[in-house]
Structures are given as C-alpha cells and as structure tokens.
Amino acid sequence: MNEKAIEIEDLSFAILSKRILQDVSFSVSAGQKFFIVGPNGAGKTTLLRCLSRIITDYHGSIKVKDKNLKTYSQKKLAKILTYVPQALPADIPFTVHQFVLMARYPHLSPFSVISPQDQEIVSGAMEMTQTACFADRIIATLSGGERQQVSIAAAFAQQAEIFLLDEPAAYLDYKHQRDIHNLLAKINKTYDTTIICVTHDLNSAVLNADTIIALKEGKIVFEGTAEKIMNEEILEQIYSKKFNFVQHPLTGQKIIVPDIIE
Amino acid sequence: MKKSIAHIFIILFAVLVLLLTPFAGSIKIPLSALKDFELTTTGAQIFYSLRLPRVFTAFLAGAALACCGVALQAMFRNPLATPFTLGISGGAAFGAAIYVIFAASLPIPYGSVWFSFAGSLAAVLLVYGLTRIKKGFSVGTMLLAGIAVNFFFSSLILFLQYISDFTQSFRIIHWLMGSVDVTGYSTPLTMLVLTVAGIAIIAAQSANLNLMSISDEIAIARGVDVKNTRKIVFFATSIMVAAVVAFCGPIGFVGLMAPHICRLLVGPDHKILTPASVLFGGAFLTLCDTVARTLIAPAEMPVGVITALLGGPFFIWLLLKNTDSKSGM
C-alpha cells in the first residue's frame, strides 16, 4: 500500500502567459481512490492531461511507478495508466466490441493478430461493465450513460493499473452516476487499480475517496481525508461560498446540501 | 454478411475495370492483337504501349490519392481532409512547375518527382507550421491553413506561367488539369514503386489510425504515439502525392470520394478500409479516365476535368451532410 503510483513535484504549466498550474506537488499511493476537486478553471483537467501525457510541455517532474513519465514509450505507459475523458466523442462509428477490442492496443505489436486471450479479456470487460448486451451496436447510437460505461469497459480491457478519470459521472442521470461509481469501486477493490478522479461533485468525492486534494487557481489548497474537507472554513476558502451540511442517514458522513435560492 | 458482399463487390469492380477499360477507346482492338507481343500490328501497339500503361497509371494514381485521403481523414477526423484541401497537392504542383520551367534540361533522374516531393513536403511543413504558431491548434485551423497554402502555391504557379514562354506555359496548363496520358512503362513502373511503398507505410498504421479517428486523447490513452504517427502519415502522403502530381498533375477529389464511398460499403476499420479504398480509388480513376478519352472521341479530355465535375457536387453534399450531424468544421 505504500508503493507510490504517482509522484508529482513542482508541476507548473502555462498557456501563453496564463499560469494554469503552479508548483503542484503530491503523490498517490498504489491502490488508492484519489479525488481531485476545486472550482472551475482551477487546473484539474490540465493536471490530468499532464499525467496522461496529452500535455507534454510542462515544467517540474512527474514520476509514474518511480520512473520519469517522459522516459516511458507511449505504449509502455498505456500498460500502466489510462485516461477516461469526460465523454467519448458522440460520433464514433465503431461498434462497442470493436472499440473495446482496440483497447488491447498496448499489448499487441503492429502486425500481431488478436488472440483468443485478448478476446476473453474483452468479453470479460464487457460483462463486468454490463456492456456485453449491446456489444454489436454502433457507439454513436448509444446514450451518454451507455457510452461512459463503454469508455470504462475499454479502460478495463486495457489492463492499466492506474485510471485517470475526468468527471466520469458528469452529464449522467442518478442511476448511471451510481453505476459508474460502483464500477470504479469494484475495479479498485478487485484489482487494486489506482483511481485518480477529477470531479465537481463534492458529495461523491467524500463518499468514495480515500484521499482528496483541492485545487484553486492552479495551486493545491487542501490535501486530506473526506472528514477533513467537510469543514465550513476549508470549503469556503476553496469555493468562495458558504455551504450547508447534513449527515448521510446511512453512514453518518457529513455531506453538503444544495442552496435555497431566495 | 452484408459486408463480405461489399468486399467482393469492390474486388470484382477493380478486376473488371482493369480487364475491360484497355479495350475502350476510339480505335477497336481486335482480340488477335493481344497475342501479338512483337507489336507488329497497330492494334497491338496501341494496346500495349498506350492503353495498358495509361490504365496502370490511372489505377496507381487513383489508388495513391485514395490512400492519402483515408489516412488524412482519419488523422484529422475531418471528412474534407485530402491532399488537395491541405495544400499538399498545390505544393507538389508548384515543385513540378519549377522543374518544368527551370530544371527540365538538367540531368536529374526522376527530376519532376524530386521537385514535387520537395514541394509537397514544403506545403506540409507550412501548413503544420502555421498551426503550430499558436498553441492548441484545431483541425478547422489546419484546413483553413491548407486552403491558404493552396492559394499561395496557385498564385506562384500563375506567376511562373506568366514569366515562362508559350510552349512551357501550355505544358503547365495541360498538366495542371490532371491527365494520365503516358507512353510506355517507365512512368507506371516508377509510380508503382512509390505508390506501393506509400500504401504499405499507411497500411502499417491501421491500428493507430483507427484510434486517432476517434480522438487524439483516446489514441494517446491507448498508447498510440500520435506525434510520430502524424509525421509518418505526412511523409507517406507526401511521397504518394509527389508521385501522382509529378506524372499526372494535381488530380482532385479522388482522395475525397473513394474513402467516403468505401466507408459506407465496408465500415470504419482501417485494416479493411485502406485496402478497399486503394482498390476502389484505382478503379474509379481508371473509369473516369476511360470516360475522359471516349466521351468526345477522337479528342480527349484531361481526367481531372471529370473528377472535378463529379467531385464538386460530392464535396457540397458532404458539407451539408456534415453540418447536420456535427457542429463546426
């Protein structure tokens, strides 16, 4: 449990002269459920994009499993970590099965044929994410919730040890939100997969996370447990507004409630 | 089941076009001429030294352009991306025009190909460079930059024509229309080598192109070296476009139409889509050329006129179809 999945030191990134991230440092232990929260424009998505190497011209150091992120080949990195975007493009012309099969990419050489073992892993991933029932449908015809399940099925079939997720449950209805978080918890528990998840939904963060960090204006302003962040002053500092709290009837965990509009 | 019929249809179409089109034309070829390998009769001479090389050249040019179209459309996730719209053809044409006017007398083997290749590479670097100046380039910017680069090279070619003498100018105009009238086998053989090399390089990128056609983010997440794949695709398309433009001129719209029709027939998987487009594009251009040389026989039209006549409306149809389903470019 003490093994570090990711270690970030003094990470900074700017677009033109605008600083998006400033001297961000933190580390994530392997097998953790690690949530990143913060207001709009705090740099959460940029942080994930640096980690998944979509952005490469950052300053500072990112280590993945004790090795500099920049020294990995893209393929080797994809065996260790994968990125699940906020939503898949709506117009993907491939079938669910084709798309999930493509996630075997890092395990295949350019001309190797898909083995029965690959097929088995893909079917397993579709079973677990309950996407097998629409395996032959074209992704463009699925609902947003179904597409998100497919996206996670593919990440799972990729057999990465670290999942980077950008608001995986945004835009989804209550049932699909619950399904996605259940799925991630199950993958985390069964396979010891490290989950690093950006979210706007504080309640889902405090109910699911082992560790939470909060970003504001590109800097870390909080790092700690769910219990600690559910504090009036801390939250006001992060979001520049007051919150009302209640206790969750089942777990007793402090959660926030929506504001009353006057 | 439906798709395997489409596979057979495309293969059959290509084979039939290759078998039948050499017989079409203003002069009838008697079947007995086919056995006359010594070329003693006019029929045999026309068949073996004019018609067959021409059919091969058209087929290879169509195959190469379709292959470029497939790769560029996947890479940019834009149905309008082709060597033409990205300015690569324009660059190659400018290179070849420079060769015709200034360097044709120099003893450079395959000089027009080298000059075209330099031109297409210059265009790629220019388009790519223009989009790199600002961070976070969009595909829309890329296409607009491509159109700007195309205009730029067209004006340079106009300038070259203006300062050149009458015969050179006529040669350039004729060749700019896009034509595959060749004699003998040296042109199709050179094209064969370059086209096969280019297609092989693109075909080896099938898995990468599949993922990049979804989004760069997804491709990177799955382990595709996106930057490297872009370079490889640009390099391979530059070679193929140079080969086509140097010998046949900038033939437009084949690279646009063939991939789209094939996508409707065989689906989006590049492992199948690329070979299908290569066969279909080759057969399609050969057919267009056959129409071009028989429609107003005994006179001939440049094949580029036919493809442009078909391609213009097709382009508009795509534009309309696309604005329905996608926002922006």
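Nothing here was measured: the structure is a model prediction, and the numbers come from that model.

Reading guide: rules and limits
Residues numbered from 1 in each chain as written. Chains lettered and ligands numbered in written order. Predicted model: local features only at pLDDT ≥ 70, side-chain atom pairs only at ≥ 80, totals over all residues. Helix = DSSP H or I, 4+ residues; strand = E, 2+ residues; numbered from the N terminus. Rg over C-alpha atoms; globule rule 2.2 N^0.38 Å. Buried ≥ 20, exposed ≤ 12 C-beta atoms within 10 Å, placed from the backbone. Contact = placed C-beta atoms within 7 Å. Pairing = 2+ DSSP bridges. Axes fitted to C-alpha atoms, helices over the stretch in contact; angles between N-to-C directions. Nonpolar A, V, L, I, M, F, W, Y, C, P; charged D, E, K, R; others polar. Core = buried A, V, L, I, M, F, W, Y, C linked by C-beta atoms within 7 Å. Expected span 1.5 Å × (residues − 1). Parallel < 35°, antiparallel > 145°, perpendicular 65-115°, else oblique. Left-handed = near helix turned anticlockwise from the far one by under 90°. pLDDT = per-residue confidence, 0-100.

**Let's talk about the overall build of chain B**
And then number 1: Secondary structure summary: chain B contains 13 helices and zero strands in total.
And then number 2: Traced from its N-terminal end to its C-terminal end, chain B shows the element sequence α-α-α-α-α-α-α-α-α-α-α-α-α.
And then number 3: The C-alpha atoms of chain B give a radius of gyration of 20 Å, which matches the 20 Å a tight globule of 329 residues would have.
And then number 4: With the C-alpha coordinates of chain B rotated into their principal frame, the extents come out at 65 × 60 × 35 Å.
And then number 5: Taken over 329 residues, chain B has a buried fraction of 48%.
And then number 6: Intrachain contacts of chain B at a sequence separation of at least 6 include 77% that bridge at least 24 residues.

**Description of the overall build of chain A**
And then number 1: Each helix and strand counted, chain A has nine helices and 12 strands in total.
And then number 2: The C-alpha radius of gyration of chain A comes to 19 Å, within 12% of the 18 Å expected for a compact globule of 262 residues.
And then number 3: Counting over 262 residues, chain A shows a buried share of 41%.
And then number 4: In chain A, the share of contacts with a sequence separation of at least 24, taken over all contacts with a separation of at least 6, comes to 68%.

**Examining the environment of Lys70(A)**
And then number 1: If you trace the backbone, Lys70(A) turns up in the loop between β5 (67–68) and α2 (74–80).
And then number 2: Separated by 17 residues in the primary sequence, Lys70(A) and Arg53(A) have C-alpha atoms spaced 8.3 Å apart.

**Details of the sheet that holds strand β8 (residues 194–198) of chain A**
Residue and element names in this part refer to chain A.
And then number 1: Reading across the sheet, the six strands line up as β6-β7-β8-β3-β9-β10 and stay open at both edges, with mixed pairing between neighbours. Each having just a single partner strand, β6 (81–84) and β10 (219–224) make up the two edges of the open sheet. Sheet twist, expressed as the mean angle between neighbouring strand axes with direction ignored, is 15°.
And then number 2: Two elements, β6 and strand β7 (residues 162–166), share four bridges in a ladder whose sense is parallel.

**Things to note about unusual backbone geometry**
Residues and elements named next belong to chain A.
And then number 1: Non-glycine residue Asp 10 carries a positive phi angle of around 50°.
And then number 2: Here Asp 10 shows up in strand β1 (residues 4–15).
And then number 3: A positive phi angle, close to 55°, is found at Ser 240, a residue other than glycine.
And then number 4: Structurally, the position occupied by Ser 240 is in the loop between α9 (232–239) and β11 (244–247).
And then number 5: Under the C-beta neighbour-count criterion, Ser 240 is labelled exposed, with 9 such atoms within 10 Å.

**Considering the pairing of β7(A)**
All names here are of chain A.
And then number 1: Counting buried residues in β7 gives five out of five residues, a clear majority hidden from the surface.
And then number 2: On β7, burial covers both faces: Ile 162, Leu 164 and Asp 166 on one face and Phe 163 and Leu 165 on the other are all buried.
And then number 3: The pairing of β7 with β8 spans five bridges and is parallel. Its bridge partner being in β8, Leu 165 is matched across the sheet by Cys 197.

**Observations concerning the environment of Ile213(A)**
All names here are of chain A.
And then number 1: In this fold, Ile 213 is placed in strand β9 (residues 211–216).
And then number 2: Taking C-alpha positions, Ile 213 is 22 Å from Ile 54, a pair spaced 159 residues apart along the chain.
And then number 3: Leave out the neighbours within four places in its chain, and Ile 213 touches Phe 26, Ile 36, Ile 220, Phe 222 and Glu 223.

**Some points on the interface of chain B and chain A**
And then number 1: Every contact between the two is made by 18 residues of chain B and, on the other side, 24 residues of chain A.
And then number 2: Residues that form the side of chain B that touches chain A fall into these classes: eight nonpolar, four polar and six charged.

**Structural notes on the sheet that holds strand β2 (residues 18–29) of chain A**
And then number 1: Taken in spatial order, the four strands of this open sheet run β2-β1-β4-β5 (chain A), and their pairing is antiparallel. Looking at strand neighbours, the two that pair on one side only are β2 and β5 of chain A, the edges of this open sheet.

**Describing the nonpolar core**
And then number 1: If you look at the biggest cluster of nonpolar residues, it comprises 172 residues, and the most contacted ones within it are Val100(A), Ala61(B), Cys67(B), Ala243(B) and Val244(B).
And then number 2: For this core, the element with the most residues is helix α2 (residues 42–76) of chain B, which contributes 18 residues.

**What to know about helix α6 (residues 174–191) of chain A**
And then number 1: Between its first and last C-alpha atoms α6(A) spans 26 Å; for 18 residues at 1.5 Å apiece the expected length is 26 Å, and the two agree.
And then number 2: Two residues or fewer past α6(A), Asp192(A) is found with a positive phi of approximately 60°.

**A look at helix α11 (residues 254–266) of chain B**
Residues and elements named next belong to chain B.
And then number 1: The end-to-end C-alpha distance of α11 is 18 Å, a good match for the 18 Å that 13 residues give at a rise of 1.5 Å each.
And then number 2: By the burial criterion, the buried members of α11 are Val 254, Gly 255, Leu 256, Met 257, Ala 258, Pro 259, Cys 262 and Val 266.
And then number 3: At the exit of α11 stands Gly 267, carrying a positive phi of roughly 95°.

**Section: the environment of Phe26(A)**
And then number 1: Along the chain, the position of Phe26(A) falls in strand β2.
And then number 2: A C-alpha to C-alpha distance of 19 Å links Phe26(A) and Tyr83(A), two positions 57 residues apart in sequence.

**What about the packing of α2(B) against helix α10 (residues 226–248) of chain B?**
Residues and elements named next belong to chain B.
And then number 1: Running from N to C, α2 and α10 cross one another at 150°; their axes reach a closest spacing of 9 Å. Classified by the interaxial angle, the pair formed by α2 and α10 is roughly antiparallel. For the crossing formed where α2 meets α10, the hand is left-handed. For the pair α2 and α10, the contacting residues are Thr 57, Ala 61, Ala 64, Leu 65, Cys 67, Cys 68, Ala 71, Leu 72 and Met 75 in the first and Arg 230, Val 233, Thr 237, Met 240, Val 241, Ala 243, Val 244, Phe 247 and Cys 248 in the second.
And then number 2: Tallied by class, residues from the contact of α2 with α10 come to 15 nonpolar, two polar and one charged.

**Here we look at the confidence of the model for chain B**
And then number 1: For chain B, the average pLDDT comes to 87, and 96% of its residues sit at 70 or higher.
And then number 2: Element-level mean pLDDT values for chain B span from 79 in helix α13 (residues 303–325) of chain B up to 95 in helix α8 (residues 206–212) of chain B.

**Some words on the pairing of β1(A)**
Residues and elements named next belong to chain A.
And then number 1: Sheet analysis places β1 next to β2, joined by eight bridges and oriented antiparallel. Bridging across to β2, Ile 15 finds its partner in Lys 18.
And then number 2: Where β1 hands over to β2, the hairpin turn is made up of two residues, of which Leu 16 adopts a positive phi near 50°.
And then number 3: Relative to strand β4 (residues 59–64), β1 is paired through five bridges, and the arrangement is antiparallel.

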